[in-house]
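Below are the chains, spelled out letter by letter.
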Amino acid sequence: MASRKKPMLKVIILGDSGVGKTSLMNQYVNKKFTTSYKATIGADFLTKEVLVDDRLVSMQLWDTAGQERFQSLGVAFYRGADCCVLVYDVNNAKSFDTLDSWRDEFLIQASPRDPDNFPFVVLGNKIDVEEKKRAISQKRAMGFCQSKGGIPYFETSAKEAVNVEQAFEIIARNALAQEESEEFTGDFQDPINIHLDNEASGCAC
Amino acid sequence: MSVSSRSTRDPIYTPPESPTGSYYDLSDDNELDYNTITHTSTGRSVKLLYSKSKVYVHPSASQKDNIAGFMALLQQKAPAGQSSSSSSASEASQVLLAWIPESALGDAYDTYVKVDLIDAESPPRQSYLVPPPPASYSTGSSSMGNYAFAIPVSQIYSMLIRPPNIGWWWGSLVINSRSGDSFPALFFHDSECASTIAQSKRRARKTFDPFGEDGRLFWGGDEVLRWLRRYVRVEKSQVEPMLYLVDPTKEDLVSFVTKSIVDLKINEGSSSAGAAMDPITKVFKEARWGLLERLTRVTQFTRRTAETILDSPQVPPQVRRLLKNPEVVNLQDEFDSARLYLARWAMGIAEQSEREHQRMIWTNRDIMELEDTDVGEFEILEMDTGRDAAKRKPLTLQEWNKWFDRHGKLTVTVDEVKDRVFHGGIEEGEARKEIWLWLLDVYPWDSTLDERIALISSKRDEYYRLKGKWWDDFERRSNDEYWRDQKNRIEKDVHRTDRNVPIFAGEDIPHPDQDSPYSEVGTNVHLEQMKDMLLTYNEYNTTLGYVQGMSDMLAPIYAVMQDDAVAFWAFVGFMERTERNFLRDQSGMRAQLVALDHLVQLMDPKLYAHLESADSTNFFFFFRMLLVWFKREFKWDDVLRLWEVLWTNFLSSQYHLFIALAILDRHRTVIMDHLRQFDEVLKYVNELSNTIDLKLTLIRAEALFKKFQRTVETVDRKRAAAQGKGKGVTQRRPVAARAGSSSANVTASGSSAATANGTCTVEDDGPSISDDLRKLLSREIMRPDPTASSAASASSKP
């Protein structure tokens, strides 16, 4: 039954508050940028249909609050993730320094079957800001990604739509690969797949 | 009238030892012969024991139709052969409670006025004789007009007594007879009633306590209760807040009065005609009086709409098919969020119809229809709560100022203020600026004006002292990583908080900090004030510090006060109530989500079962609403209104959970029909933002709270009765087994009726009330567990 369904990919976007998670997501899905986003409270998601190698997939992008303490309730939506996007602000060293702990936190909460091979993507956002404010060089960021087992790295600007499309294409591709590998290992527990249990949860009224 | 001219000059006057043989100087209450005195016009008389003037019948909503009259307690002569000094029961049958319009009194008017003005604990020593009231005590017409009535107090089954509410309604009284009749609602216009004015003044002089029953202001209805209590037992129901029972039977006591007496043997046969009626039916029959006033029609229509939405001719047939045909259901999955889209669309139609019908006014025919159909408990409750919705005008500064004496001390009770704000809100502008400081505990309720002036001045100093702590130490602190992080967090959050609100909009001054990400953009003075206040709060509450969400909560307060020091302390008051939301370990948020879980389990088991099947009982989709008190869900003006309502803690300090429940309840049909997964539920609920009608939500929340209150009572009583104990049963969690749980949905009616009829067998499957739920009845602010928060602080800093 699941095989004839269009795959639903679940992507979690993490990173310090104010690095541009909501903006990146909206730029990618709605092709819009505005400075008027409010700080995200709780969680929300956007869905986008994408073609990956001629396969139509539906990608659910989960946006979360950036302050650490709000992550403890995250289990509810970390489960069943197919890819995790770690975002930092290239002009903010602190937001780069915390990438590691965001990654660890995710692995603990989502507890994927094979944590070593779980797909992450790192995005260094806000490259539109003047160069003198830049705090983290591309070289340093790539070094970090290399040391974590070759995490794909993109430098983006949600504001000017730089590299956003490209980054999410890789995210979709890696998520799909992850989804398929999970399926291959017989994981039918994926709670985000809304196609699996129509009969089971049929309308109660 | 010559009858009483000699003896009424002074109520305390004692007749001389050996008067003439005049009938008119009778001073003995037990005197048997007064009924033989011939009244000039009727040839018969009764004794007027008490009277109260300016008690009105309001036959319509129009003031000019009001009929002024007297409420009176009258004693008629005992039937021949029966000694009046026998039992109190026979005395009660001779004493009549009556309402007679002024216009029907004729010559007796003066006597009624006199008796009204006699201010004494017991009936006058003299006998004041008046013509008998209308003979029948049915609601039918009498010779004195359509509304006059008199009923032996022994025939009164219950009374619905609603005390006055300043600026909102008159105190009122409705009498229900044992034979099931309801008399017209009587409204006590206390401000016109000389005796009530005199009595409340006297009380204030004598005891410095202007308050009557339950700590409310003394009013005319208190007097009527006092009269009656001389002749019959009057018990206030703990279940129905406005209900008083007269000489209640044991069944009635069990059903209505208090759980402390449930261990009375409830199986004893019924003894009165009143008890023959299912007590719950009776309550609702009685509750109907509320419908006689103008109502807004709220729920019933909507419910019907939402349920039949798919059969509506407005729904395009292809959409209907899409949703209904099981073979097409699969198709829905091919479209992302098709169900969501349709669900929202369906709700949109329902909302619109509701808005149109909100203005609809009850006509007699509606009421008749209502009587003929099964009116659900909820509809009755909600309509009762919705009554006077139109009169819910915001509290103005003018009205507020009238409540103070010359020392600037409040002369009304705190509860009255809260009641007023809870139901009407506060007018924007100066009124809010002032009254919010009270609601947020900046001003003590018993303070004088001088005290408040001194207080605000010392608070102002204190604010600047706190601010100075980091301001004067800026360089050093900037090297502290935690402090710098906090500062950056505040910086980012303030620049994205309510920028669409005029005072926070735009940038007109250069940014003072070159390192800020906003240094290029600039800032404005109000943003800078916000940042300073939040950094100062970070200084003030070192355990918690600044947490995301706080900027959302400060902005409305600052915008209203526009004075940093004053707004700061108001904000501190708000944080006192919501500190739990921001704890490092999120235990406070978890606790509230759990409480909401239990609440939905108890109040709407069907919906709960559906949410369970949708893997959504973590209630995470309410996280945002609960964290910042619906700040992101309502429009700015509505947020201000909602918050001032919540700040009163009038019904519960956890009332925000009932707002959440009301929102959920509003959308239950859509959720149950269309949403099957956690992500769908979350998306749907998130997107309710800016679509929720606050007025309807508040009305619904109040009705739900009252229903909850009753349900708790009923469950406790039922369990206590089943276990033969006098106490409610507390369990850590509600019983999870909800087999056949639709009955739990109507526990308030279903199970207590069963208890009262003695048909309740030991049936332990019903829900029990968890501690989490019971706490929702409390008006005390819930604070974080001190051990938990200090642990949290320890880990929140490097």
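As shown above, the structure is provided for reference.
Calculation criteria
Residues numbered from 1 in each chain as written. Chains lettered and ligands numbered in written order. Predicted model: local features only at pLDDT ≥ 70, side-chain atom pairs only at ≥ 80, totals over all residues. Heavy atoms only, no water. Helix = DSSP H or I, 4+ residues; strand = E, 2+ residues; numbered from the N terminus. Buried < 20%, exposed > 50% of the residue type's maximum accessible area, 1.4 Å probe, protein only. Contact = heavy atoms within 4.5 Å. Areas by Shrake-Rupley, 256 points an atom, 1.4 Å probe, with all protein chains shown as cover. Phe/Tyr/Trp six-rings, centres within 6.5 Å; stacked < 30°, edge-to-face > 60°. Lys NZ or Arg CZ within 6 Å of the ring centre and 35° of its normal. Axes fitted to C-alpha atoms, helices over the stretch in contact; angles between N-to-C directions. Parallel < 35°, antiparallel > 145°, perpendicular 65-115°, else oblique. Nonpolar A, V, L, I, M, F, W, Y, C, P; charged D, E, K, R; others polar. Salt bridge = Lys/Arg side-chain N within 4 Å of Asp/Glu carboxyl O. Pairing = 2+ DSSP bridges. Polar contact = N/O pair within 3.5 Å; in protein donor to acceptor, adjacent residues only side chain to side chain.

J.: Can you walk me through the overall build of chain B in this structure?
T.: Each helix and strand in chain B was counted, giving 34 helices and twelve strands. Evaluated residue by residue, chain B yields a buried proportion of 56% over its 798 residues. For chain B, contacts bridging at least 24 residues in sequence account for 70% of all contacts bridging at least 6. In the form shown here, chain B has an accessible surface area of approximately 33500 Å², with 51% of it arising from carbon and sulfur atoms.

J.: Mind showing me how you'd approach the packing of aromatic side chains here?
T.: Two aromatic rings are characterised by how far apart their centres lie and by the angle between their planes. Taken as a whole, this structure holds 49 aromatic pairs over all chains when the rule is applied. Arranged with centres 6.4 Å apart and planes meeting at 15°, the rings of Y88(A) and Y153(A) form a pair that is stacked. Linking Y88(A) in strand β4 (residues 83-89) with Y153(A) in strand β6 (residues 153-155), this pair joins segments that are 65 residues apart in sequence. Like Y88(A), the residue Y153(A) is buried in the burial classification. Members of the aromatic cluster, joined through ring pairs, are Y463(B), Y464(B), Y537(B), Y540(B), F568(B), W569(B) and F571(B). One residue, K467(B), lies across the ring of W471(B), its end atom 5.3 Å from the ring centre.

J.: I'm lost on the packing of helix α23 (residues 587-603) of chain B against helix α24 (residues 605-613) of chain B in this one. Help?
T.: Packed helices, taken two at a time, are described by their axes: the angle between them and the distance between them. Residue and element names in this part refer to chain B. In contact at an axis separation of 5 Å, α23 and α24 are set at 125° when each is read in the N-to-C sense. Our classification of the angle between α23 and α24 gives oblique. For the pair α23 and α24, contact is made by D597, V600, Q601, L602 and M603 and by P605, L607 and Y608, respectively. Class assignment for the residues of the contact of α23 with α24 results in six nonpolar, one polar and one charged.

J.: Help me understand the pattern of salt bridges, please; the structure alone is not making it clear to me.
T.: Opposite charge on two side chains lets them pair, provided their charged atoms get close. One pass over the structure, following the stated rule, counts 45 salt bridges over all chains. For D604(B), the salt bridge identified is with R668(B), shortest N-O distance 2.5 Å. With D604(B) in the loop between α23 and α24 and R668(B) in helix α28 (residues 668-674), the pair connects residues that are 64 residues apart, well separated along the chain. Accessibility classification places D604(B) together with R668(B) in one group, the buried group. Two residues, E633(B) and R624(B), come together in a salt bridge whose shortest N-O distance is 3.0 Å. R624(B) shares its class with E633(B); the two are buried. Linked by salt bridges that have partners in common, K38(A), D498(B), D552(B), K631(B) and R632(B) make up one network.

J.: I keep staring at the packing of α23(B) against helix α30 (residues 694-723) of chain B and nothing clicks. Help me out?
T.: All names here are of chain B. Contact geometry for α23 and α30: axes closest at 11 Å, N-to-C directions at 75°. On the basis of the axis angle, α23 is roughly perpendicular to α30. Across from L599, L602 and M603 in α23, the residues of α30 making contact are L704, K707, F708 and T711.

J.: I would appreciate a short explanation of the sheet that holds β6(A) in the present structure.
T.: Strands in a sheet are paired, the pairing made by backbone hydrogen bonds, and the direction either parallel or antiparallel. Strand order in this open sheet of six strands is β2-β3-β1-β4-β5-β6 (chain A), and the pairing throughout is mixed. The strands lining the two open edges of the sheet, one partner per strand, are β2 (43-52) and β6 of chain A. Sheet twist, expressed as the average angle between the axes of neighbouring strands with direction ignored, equals 25°. Of the strand pairs in this sheet, β2(A) and strand β3 (residues 55-64) of chain A are connected by ten bridges, and their pairing is antiparallel. Within the sheet, the bridge partner assigned to V50(A) lies in β3(A) and is V57(A). Packed on one face of the sheet, helix α4 (residues 99-110) of chain A meets β1 (8-14), β4 and β5 (120-125) of chain A and runs near 160° to β4(A). Set on the sheet, helix α29 (residues 678-686) of chain B makes contact with β2 and β3 of chain A; between it and β2(A) the angle comes to about 120°.

J.: Where do I start with the side chain of Q109(A) in this structure?
T.: As for its position among the elements, Q109(A) is in helix α4. For Q109(A), the side chain forms a polar contact with the side chain of E105(A), separated by 2.8 Å.

J.: Looking at this model, I keep getting lost on the pairing of strand β10 (residues 243-246) of chain B. Mind explaining?
T.: As a general feature of sheets, a regular strand has side chains that alternate between the two faces. All names here are of chain B. Neither face of β10 is left uncovered, since the one carrying L243 and L245 and the one carrying Y244 and V246 both have all their residues buried. Pairing analysis gives three bridges linking strand β6 (residues 156-162) to β10, with the strands arranged antiparallel. Bridge pairing in β10 places S158 opposite L245. With three bridges connecting them, strand β9 (residues 234-236) and β10 associate as antiparallel partners. Pairing of K236 across the sheet is with Y244, part of β10.

J.: Mind showing me how you'd approach the pairing of strand β7 (residues 171-177) of chain B here?
T.: Residue and element names in this part refer to chain B. The buried fraction of β7 amounts to seven of the seven residues, a majority that puts the element mostly inside the structure. Residues G171, L173, I175 and S177 point to one face of β7 and S172, V174 and N176 to the other, with burial holding for every one of them. When β6 meets β7, the two strands line up antiparallel, connected through six bridges. When the sheet's bridge partners are listed, I161 is paired in β7 with L173.

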